[in-house]
Amino acid sequence: MVGPRYPKSPVPGPLMSGATRRSALGLLLGAPLLSACAGVQQSLSQFSNPFSSSTPPAQPAGPPQQATTAGTGGVKVAVILPLSAAGNAGLAAQSMRNAAEMALAEFQNPNIQLLIKDDNGSPQGAQAAAQQAVDEGAEIILGPLFAQSVPAVAQVARTRGISVIAFSTDSSIAGRGVYLLSFLPESDVNRIVEYSASVGKRSVAVLVPDNAYGNVVEAAVKAAVPRRGGRIVAFEKYGADRATPARTVAQQLGSADALFIADDGDAVVSVADAMTAAGANLRNIQLLGTGLWDNPRVYANASLQGGLYAAPDPAGFRAFSGRYRTKYGAEPIRTATLAYDAVALVAALARTQGTTRFSSDVLTNPSGFAGIDGLFRFRADGTNERGLAVMKVTQGGGVAVAGSPKSFGA
């Protein structure tokens, strides 16, 4: 697989009035609250197949970029990104670097200094960058992006007893002291299953791809449905052959009131077409999906109209994107919000939490934090939970039918 795909064209959206820089930090139940301003929404699924950043690019990387710094505060924070990686990965890294520096500029008097390191898109480069950063006094590491580089960074960080907030979407590399600030499919599954159960949809048929993403979704949905008092009446995985699994599920739809299809836009459309060809009337059942449904092909497909999926409230990214565009004259990649939130978070913790600012107890505060894409909190196992909105598929794009929560439950 390749790295995150750089978005080519934004999906137009209304401009949102933004917060002032004074409100870039607040408190949420004792934990830092981060906020954003104005912009344009881009498709989440254009870049965020949750395993797209698991492996480095196949193309050879360019020469490593020189390390730089941003800010003059007393608390040193490493930022490790594949800045010289080839193709889309390098473009994504540059956008995330811009967002990190933007967060620093917008925070009122931050007491942090960013030590920006290029990992060249490799575990060896990431380990060298981390070693250099901790030798220079970094108290926490933000990054890297690629999953296979995270253990190399974590090894260095653990020798110094410092935490890592990585941007990978592979939850298998998370652990105590190694936290993932990314869009994990588990959060999508939990939110859409919770919402569908709340409106009486508890008998669910499931179709997932036979790949790493499908395996994660499978575990999540098989845990979430019974937890919400529901049952899975049919479950099938598909590969290149979608017709056979579709026929199997179509034959059992009579006992289901919801059909969950977890895949990106192009694949979801193909699966829906296969279900229709197998005799299923998708207008008679509630369709459910994940944030990868945020895709123009999904919105344009007649069979998927009215389908529900979980995703960050788009207002947050619209807000962020406008200010990024004004500052840099370009559109941010969708993952740029992760870098912004990471820097704003550590700046807030440096201001409010004293000498324990980046400890596991502080980072795993159950009240969580509020960032550009809504609420998030780190679990003790290093994964995260996000407060997501529920969106409905329409010809004009995704429309929120349930907003993101204002606080986390226990």
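Procedures and definitions
Residues numbered from 1 in each chain as written. Predicted model: local features only at pLDDT ≥ 70, side-chain atom pairs only at ≥ 80, totals over all residues. Heavy atoms only, no water. Helix = DSSP H or I, 4+ residues; strand = E, 2+ residues; numbered from the N terminus. Buried < 20%, exposed > 50% of the residue type's maximum accessible area, 1.4 Å probe, protein only. Contact = heavy atoms within 4.5 Å. Axes fitted to C-alpha atoms, helices over the stretch in contact; angles between N-to-C directions. Parallel < 35°, antiparallel > 145°, perpendicular 65-115°, else oblique. Left-handed = near helix turned anticlockwise from the far one by under 90°. Nonpolar A, V, L, I, M, F, W, Y, C, P; charged D, E, K, R; others polar. Pairing = 2+ DSSP bridges. Expected span 1.5 Å × (residues − 1). Polar contact = N/O pair within 3.5 Å; in protein donor to acceptor, adjacent residues only side chain to side chain. 1 Å grid on protein atoms, 1.4 Å probe; cavity = no way out; pocket = protein on both sides within 12 Å on 5 of 7 lines; lining within 4 Å. Points joined across faces, edges and corners; volume = space filled by probe spheres on them.

Go over the overall build of the protein with me, naming the residues and quoting the values.
When its secondary structure is counted, the protein shows eleven helices and 18 strands. Taking all 410 residues of the protein together, the buried fraction comes to 60%. The long-range fraction of contacts in the protein, counting pairs at least 24 apart against all pairs at least 6 apart in sequence, stands at 72%.

Tell me about the packing of helix H2 (residues 123-135) against helix H3 (residues 150-160), and please be specific about residues and values.
Two quantities define a packed helix pair, namely the angle between the axes and the distance from one axis to the other. Between H2 and H3, the least distance of the axes is 7 Å, while the angle of their chain directions is 25°. On the basis of their axis angle, the class for H2 and H3 is roughly parallel. The crossing of H2 and H3 is right-handed. Counted together, Pro-123, Ala-126, Gln-127, Ala-130, Gln-131, Val-134 and Asp-135 of H2 and Ala-152, Val-153, Gln-155, Val-156 and Arg-160 of H3 form the full contact between these two elements. Partitioning the contact of H2 with H3 into residue classes produces seven nonpolar, three polar and two charged.

Tell me what's going on with the sheet that holds strand E13 (residues 308-311), and back it up with residues and numbers.
Strand order across the open sheet formed by seven strands is E10-E9-E11-E12-E13-E17-E18, with mixed pairing between neighbours. Pairing within the sheet leaves two strands with one partner each, and these edge strands are strand E10 (231-238) and strand E18 (397-402). The sheet shows a mean angle of 30° between the axes of neighbouring strands, taken without regard to direction. Relative to strand E12 (residues 286-289), strand E11 (residues 258-261) is paired through three bridges, and the arrangement is parallel. Its bridge partner being in E12, Leu-259 is matched across the sheet by Leu-287. Packed on one face of the sheet, helix H4 (residues 185-198) meets E11, E12, E13, strand E17 (389-394) and E18 and runs near 135° to E13. Contacting strand E9 (203-209), E10 and E11, helix H6 (residues 243-250) crosses the sheet at an angle of about 170° to E10.

Just give me the short version of unusual backbone geometry, but keep the residues and values in it.
With omega at 5°, the peptide bond leading from Gly-143 into Pro-144 counts as cis. As for its position among the elements, Pro-144 is in the loop between strand E6 (140-142) and H3. Its identity as a non-glycine residue notwithstanding, Asn-109 has a phi of 50°, on the positive side. Of note, Asn-109 is situated in the loop between helix H1 (87-106) and strand E5 (112-118).

Give a description of helix H9 (residues 314-328) that names residues and reports values.
For H9, spanning 15 residues, the distance from its first C-alpha to its last is 21 Å, which sits close to the expected 21 Å at 1.5 Å a residue. Along H9, the residues classified as buried are Pro-314, Gly-316, Phe-317, Arg-318, Ala-319, Phe-320, Ser-321, Gly-322, Arg-323 and Tyr-324. Among the structural elements, H1, helix H10 (336-352) and E17 are those in contact with the buried residues of H9. Where H9 begins, the capping side chain belongs to Asp-313, and its oxygen is found 2.9 Å from the backbone nitrogen of Ala-315. A positive backbone phi angle near 70° is found at Gly-329, which sits one or two residues after H9.

Go over the layout of surface pockets, please, and point to the residues and values.
Approximately 350 Å³ is the volume found for the second largest pocket. In terms of lining, the second largest pocket is formed by 17 residues, of which the most central are Asn-190, Glu-194, Arg-228, Glu-385 and Arg-386. Secondary-structure elements contributing two or more residues to the lining of the second largest pocket are H4 and strand E16 (384-386). The element contributing the most residues to the lining of the second largest pocket is H4, with four residues. Looking at the lining of the second largest pocket residue by residue, the classes come out as four nonpolar, five polar and eight charged.

I'd like to hear about the pairing of E18, residue by residue, with values.
Note: E17 against E18, five bridges, orientation antiparallel. By the bridge assignment for E18, Val-390 is matched with Ala-402. Hairpin geometry of E17 and E18 is characterised by an intervening segment of two residues between the two adjacent antiparallel strands.

How would you summarise the sheet that holds strand E8 (residues 178-180) if you had to cite specific residues and measurements?
With mixed pairing, the six strands of this open sheet are ordered in space as E3-E5-E4-E6-E7-E8. In the strand order of this sheet, the two ends are held by strand E3 (68-70) and E8, each with one partner. Across the sheet, the axes of successive neighbouring strands diverge by a mean angle of 25°, strand direction being ignored. With three bridges connecting them, E6 and strand E7 (residues 163-166) associate as parallel partners. What sits directly across from Ile-141, in E7, is Val-164. Each of strand E4 (75-81), E5 and E6 is contacted by H2, which is oriented at about 150° to E5, the strand it contacts most.

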